[in-house]
Amino acid sequence: MDPALCLELLSFLKPETRADVRAQALEYILGVSGSPEGRQSLCAEPRLLCALLDLSTEQSPHVAQDAHHVLVNLTSDCAAHRALLAHVPTLLPSMLSRLRDPGCPFADSICTALCNLSREEETCQSFLRSLTQEGMCQLLDMLCAPKYNPRASLDYLGPLLCNLTQLPEGRHFILDRNRCVVQRLLPYLQSGSTVRRGGIVGTLRNCCFSHRDHAWLLGDDVDLLPFLLLPLAGGEEFTEEEMETLPPDLQYLAEDKQREADPDIRKMLIETVLLLCATADGRRLVKQRGTYLVMRELHSWEREPCVKRACEKLIQMLIGEEPEAGLENLLEVTVPPDLEETLSRLDKEEEGPQGTLVQ
Amino acid sequence: MMTPQVSSRVTPTHVSVEPFHVTALGAWRAWNPLIMDPTDQEDDHVMDQFMEKFKTQKYMGAFNEDTWEEEFDKIPMFMKKAPSEIDPQKAPDLACLQSILFDGSPEEQAKSYKDEGNEYFKEKAYKQAITSYTEGIKKNCNDQELNAILYTNRAAAQFYLGNYRSALNDATAARKLKPDHLKALIRGALCYVEIKNYTEAVEWCDEGLKVYPNEKKLLETRAKADKLLRAAERDVRKMRHAEKKKQAQKESLLSALKDRGIRIHQQPPGEEDEQEEGILLPFDTLSSENATGAHVFQDENGRLNWPVLFLYPEHGQTDFISAFHEDSRFIDHLNTMFAESPPWDEDQKYYADSLEVYFEDEESQTFYQVNPEATLLEAVQHRRFRVKAGTPSFLIFAKKSTFCIDYFSSKKVYRLPSA
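For every chain, the first residue of its written sequence is number 1, and the numbers climb from 1 along that sequence. Going through the entries in the order they are written, you letter the chains from A and number the ligands from 1. Reporting of local features is limited, given that this is a predicted model, to residues whose pLDDT is at least 70; pairs of side-chain atoms are given and counted only at 80 or more, and all residues count toward the totals for whole chains, interfaces and linings. Hydrogens and water are ignored here; the side-chain numbers use all heavy atoms of the structure.

Before going further, it helps to examine the overall build of chain B. The helix count covers DSSP runs of H or I at least four residues long, the strand count covers runs of E at least two residues long, and both are numbered beginning at the N terminus. Summing up its helical and strand segments, chain B has 14 helices and seven strands in all. Using a 1.4 Å probe on the protein chains alone, a residue whose accessible area is under 20% of its type maximum counts as buried, one over 50% counts as exposed, and one in between counts as partly exposed. Burial statistics for chain B: of 419 residues in total, 38% are counted as buried. Long-range contacts, defined as pairs at least 24 residues apart, comprise 57% of the intrachain contacts of chain B with a sequence gap of at least 6. Accessibility throughout is a Shrake-Rupley quantity obtained with a 1.4 Å probe, and a residue counts as covered only by protein chains that appear here. Taken as a whole, chain B presents about 25600 Å² of accessible surface, with 50% of it coming from carbon and sulfur. A contact between two residues is defined here by any heavy atoms of the two lying within 4.5 Å.

Structure (structure tokens):
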């Protein structure tokens, strides 16, 4: 888009302009924000971005809604993040405070835009800075409140939390042992939208990269494993002895027990359990609690090749031999670069034909 | 509150009714000893006169020489322990003291009751503590924080007495007065754990953690409640599972009986407690447990195993076989059972080959002979056979014995065609 056109549009967006003209101009911008080139030119004009943020608090619901949609579109482009945050310093605080407003009708759009913004490490960093621990607490409270905002589902809080935990600061908050944080997320693995569940599973998986917390996560204080396994378990019948090895949460499930419907979430759940096998103690605990039984049944039920493969990897870990001395902690093993290259190539090759199959 | 006063009018043997220095009821911590000022000549003189009197007359209200120790203990100042309840009739001096202690504005009074309750609580005298807190609550004072504390403390006392419902009501009342009262939140959560409402317990903890995110006791209680909740849910599932399994067994057994055409003796209506579910009737009659508790079951191949009763009318003896496989023959069992003579068979008449087997059709009062070579299934499939009390029963006689002949002489019997 021509910079001159940008300036012209900007003049239409001024508060003194007639309402219908403003609405028209915004609608046009919304259209432009749909393409990468359009977003690029919009981001080149800081004043336009500021005007958009102002419009999102507009009285007219139609205008405000469109402004929010433009923001969602802009934030979907990682290339736009730096410009947005640099040119509109009030963007994050303003959006966060509106997200917290239980009566905000656009909370879902805001939540989506914030989720987009937190995707890249750099913006995630500034995100965490402006959020502070208190802000994190509020996000969690909103996520756990049965109906925080009657006009919004706030499902994107899940993925938002997941993005925030890509950084150690975010993980520290979730893994705070003096607070009840991770425990409150666990019930949501059973309910809610796919978006929300996926976000929470992603959060847990991120947290499980920190192997120092594994013992605590697997222990009585959190008891993470049953929560990860439950969505992977079906209603298969086990013998009495087998049943006893399972955690109580997985015992005597109804015959019509449904597994997690989303294959990506199933895969993430398996990967999270696999991460928990990184230490010798973790492996012992995961093996002890009937994980193999759940995986065995899942494997024969699973139709999705990539999930099946993740399942096989975990089973391999469960029935395989213990690694030799010095290599017990799998998250701390240093893999020579050439070997790592080969491995990731093999992984890609494995995925390769699958990609076409899925299509 | 009124400042307690110290009386100076003390005689060597009697203590004035007026209050002494009191810190808390029942805990006489100190009293000011009488200090005589030697320079006060007039007082000395009065005192001398006073003492002089007792040389001629007995001092009024003096202790009785025999029971002085007992009486001594009843005087507030010398009491070793305050009575748990103060009766103004019997102990007017104590009642008087108490009324002074609980003087003042409703807030002051409520606070005194709270302190009193706390003293009792420390001594684990929970019932008395409850009485004190209740009195404090009754003052209905305007200090809501104090009221919340009174309710919370009473909740704690009730809790330790095991009155979890009352404790919960008090914790709830306290929370209404002061929503962020930590101790009320903890107490409420603990009460819900005790009454096994774990969902509520977790909820109370979460509410508390919103205000006190690092509170150990809340974190602990939450973890405990959550664990118990999940275990309780498992137990419910387990029970349902067991019920379902039982139901399936029942249905399979019923259909097995139906397939085999086995008839069940129907209890004439009204004779025993009425059975409403017609379909279940045959089964319930079947499972109505006999003395040993054994009942018919299906083995892994779907074959029936019956508890079976053998009766020996001649000797008034019985034998009970707890699991008679429907495909095994009578003779198989008889062979094992009579491999050795039973102690009651003095004439040695009972051995496998000498026995005749019958069953009785009660309805027509007819006896039918059963071939010992027959299987149990063949016997119970007989059109006149009825399974009674879940246990097929058979009569066993020694072949051609006089008893057998006599027994059947006036009865209808269908015998097997003789070989």
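When its secondary structure is counted, chain A shows 21 helices and zero strands. With respect to the three principal axes, the spread of C-alpha positions in chain A is 75 × 45 × 40 Å. Out of the 359 residues belonging to chain A, those deemed buried represent 51%. A sequence separation of at least 24 residues applies to 71% of the contacts in chain A between residues at least 6 apart. Only carbon and sulfur atoms are counted for the fraction: they give 54% of the accessible area of chain A, which is about 16900 Å².

You can read pLDDT as the predictor saying how much it trusts each residue, on a scale of 0 to 100. Summing up the model confidence of chain A, the mean pLDDT is 87 and the portion of residues at 70 or higher is 96%. Below pLDDT 50 for its whole length, residues 352-359 of chain A participates in three contacts with residues either more than four positions away or in separate chains.

Glancing now at the interface of chain B and chain A. Across the contact, 16 residues belong to chain B and 21 residues belong to chain A. Buried area counts how much accessible surface, traced with a 1.4 Å probe, disappears from two parts once they are put together, with both parts' losses summed. Approximately 1600 Å² of surface area, both sides summed, lies buried where chain B meets chain A, with 48% of it carried by carbon and sulfur atoms. When a carboxyl oxygen of Asp or Glu is within 4 Å of a side-chain nitrogen of Lys or Arg, the pair counts as a salt bridge. For the pair chain B and chain A, the interface holds four salt bridges. Measuring nitrogen to oxygen at the nearest pair gives 3.6 Å for the salt bridge that ties Lys-244 of chain B to Glu-255 of chain A. Any pair of N or O atoms that falls within 3.5 Å is considered a polar contact. Within protein, one atom must be able to donate a hydrogen and the other to accept it, and sequence-neighbouring residues count only if both atoms are side-chain atoms. Counting across the chain B and chain A interface gives eight residue pairs in polar contact (both at pLDDT 80 or more). Listing elements by their share of the side of chain B that touches chain A, those giving two or more residues are α9 (198-211) and α10 (216-260) of chain B. For the side of chain B that touches chain A, the element with the highest residue contribution is α10 of chain B, accounting for 11 residues. For this classification, Asp, Glu, Lys and Arg are treated as charged, while Ala, Val, Leu, Ile, Met, Phe, Trp, Tyr, Cys and Pro are nonpolar and the rest, including Gly, are polar. Residues belonging to the side of chain B that touches chain A are distributed by class as follows: four nonpolar, two polar and 10 charged.

All names here are of chain B. The convention used is that axes are lines fitted to C-alpha atoms, helices contributing only their stretch in contact, and that angles between N-to-C directions extend from 0 to 180 degrees. At a minimum axis separation of 11 Å, helix α4 (residues 106-122) and helix α6 (residues 144-160) run at an interaxial angle of 25°. What the angle tells us is that α4 and α6 run roughly parallel. Of the two possible hands of crossing, α4 and α6 adopt the one that is left-handed. Side by side, α4 and α6 meet where Glu-107, Ala-110, Lys-111, Lys-114, Asn-118 and Phe-121 of the first sit next to Leu-146, Ile-149, Leu-150, Asn-153, Ala-156, Ala-157 and Tyr-160 of the second. In the contact of α4 with α6, the residues fall into eight nonpolar, two polar and three charged. For this classification, under 35 degrees means roughly parallel, over 145 means roughly antiparallel, 65 to 115 means roughly perpendicular, and everything else is oblique. With the far helix as reference, a near helix turned anticlockwise by less than a right angle produces a left-handed crossing, and one turned clockwise produces a right-handed crossing.

Another point: a nonpolar patch on the surface. Residues and elements named next belong to chain A. A cluster of nonpolar side chains, contributed by Leu-327, Leu-330, Val-333, Val-335, Leu-339 and Leu-343, occupies part of the molecular surface with about 420 Å² of accessible area. Secondary-structure assignment places Leu-327 in the loop between α20 (305-319) and α21 (337-358). Residue classification places Leu-327 among the partly exposed positions, given a relative accessible area of 35%. Patch definition: residues with relative accessible area over 30% and no salt bridge; like charges joined within 9 Å; nonpolar side chains (Val, Leu, Ile, Met, Phe, Trp, Tyr) joined within 5 Å.

This next bit is on helix α2 (residues 19-32) of chain A. Residues and elements named next belong to chain A. In this model α2 runs 20 Å from its N-terminal to its C-terminal C-alpha over 14 residues, within 8% of the 20 Å that 1.5 Å per residue would give. Along α2, the residues that are buried comprise Arg-22, Ala-23, Ala-25, Leu-26, Ile-29 and Val-32. On its buried side, α2 packs onto α1 (3-12), α3 (36-43), α4 (46-55) and α5 (61-75). Every helix has an expected span of 1.5 Å times one less than the residues it contains.

Turning our eyes to something else, we now look at unusual backbone geometry. Residue and element names in this part refer to chain A. At Thr-132, a residue that is not glycine, the phi angle is positive and equals roughly 60°. Examined against the element boundaries, Thr-132 turns out to sit in helix α9 (residues 121-144). Residue Thr-132 is classed as partly exposed on the basis of its relative accessible area, which comes to 43%. Although it is not a glycine, Leu-154 adopts a positive phi angle of roughly 55°. Mapped onto the elements of the fold, Leu-154 is located in the loop between α9 and α10 (157-164). Classification of Leu-154 by relative accessible area gives buried; the value is 2%.

Let us now look at the pattern of salt bridges. Should the charged atoms of two oppositely charged side chains come close, the side chains can pair. A complete count under the given rule lists 41 salt bridges over all chains for this structure. One salt bridge connects Glu-326 of chain B with Arg-303 of chain B, and the closest N-O pair in it is separated by 3.2 Å. In this pair, Glu-326 of chain B is assigned in the loop between β3 (317-325) and α12 (330-337) and Arg-303 of chain B in the loop between β1 (297-298) and β2 (304-312), connecting sequence segments 23 residues apart. Its relative accessible area of 0% is what places Glu-326 of chain B among the buried residues. Among the charged side chains, a salt-bridge network with shared partners connects Asp-223, Asp-249 and Arg-289 of chain A together with Asp-226 and Arg-230 of chain B.

Next up on the list: the UniProt feature "domain: Cns1/TTC4 wheel" (unreviewed entry) in chain B. Mapped onto this numbering, the UniProt entry gives "domain: Cns1/TTC4 wheel" (unreviewed entry) at residues 298-401 of chain B. Structurally, residues 298-401 of chain B is divided into 12% helix and 36% strand, and its ends, taken at the C-alpha atoms, are 38 Å apart. UniProt positions are given in the numbering used here, feature names are shortened, and annotations may be inferred rather than shown by experiment.

Looking now at the side chain of Asp-77 of chain A. Residues and elements named next belong to chain A. Inspection of the secondary structure assignment puts Asp-77 in the loop between α5 and α6 (78-87). When its relative accessible area of 18% is taken as the criterion, Asp-77 is described as buried. In terms of polar contacts, Asp-77 uses its side chain to reach the side chain of Arg-39, at 2.8 Å. Excluding residues that lie within four positions of it along the chain, Asp-77 makes contacts with Pro-36 and Arg-39.

A separate point is the nonpolar core. Core analysis: the biggest nonpolar cluster contains 112 residues, and Leu-99, Leu-114 and Met-295 of chain A have the highest contact counts within it. Considering each element in turn, this core owes the most residues, 11 residues, to α9 of chain A. Within this scheme, the nonpolar core is defined by two criteria: the residues are buried Ala, Val, Leu, Ile, Met, Phe, Trp, Tyr or Cys, and they are joined through side-chain atoms within 4.5 Å. Formed by 35 residues, the second largest nonpolar core is a distinct cluster that contains Phe-330, Phe-338, Phe-359 and Val-387 of chain B.

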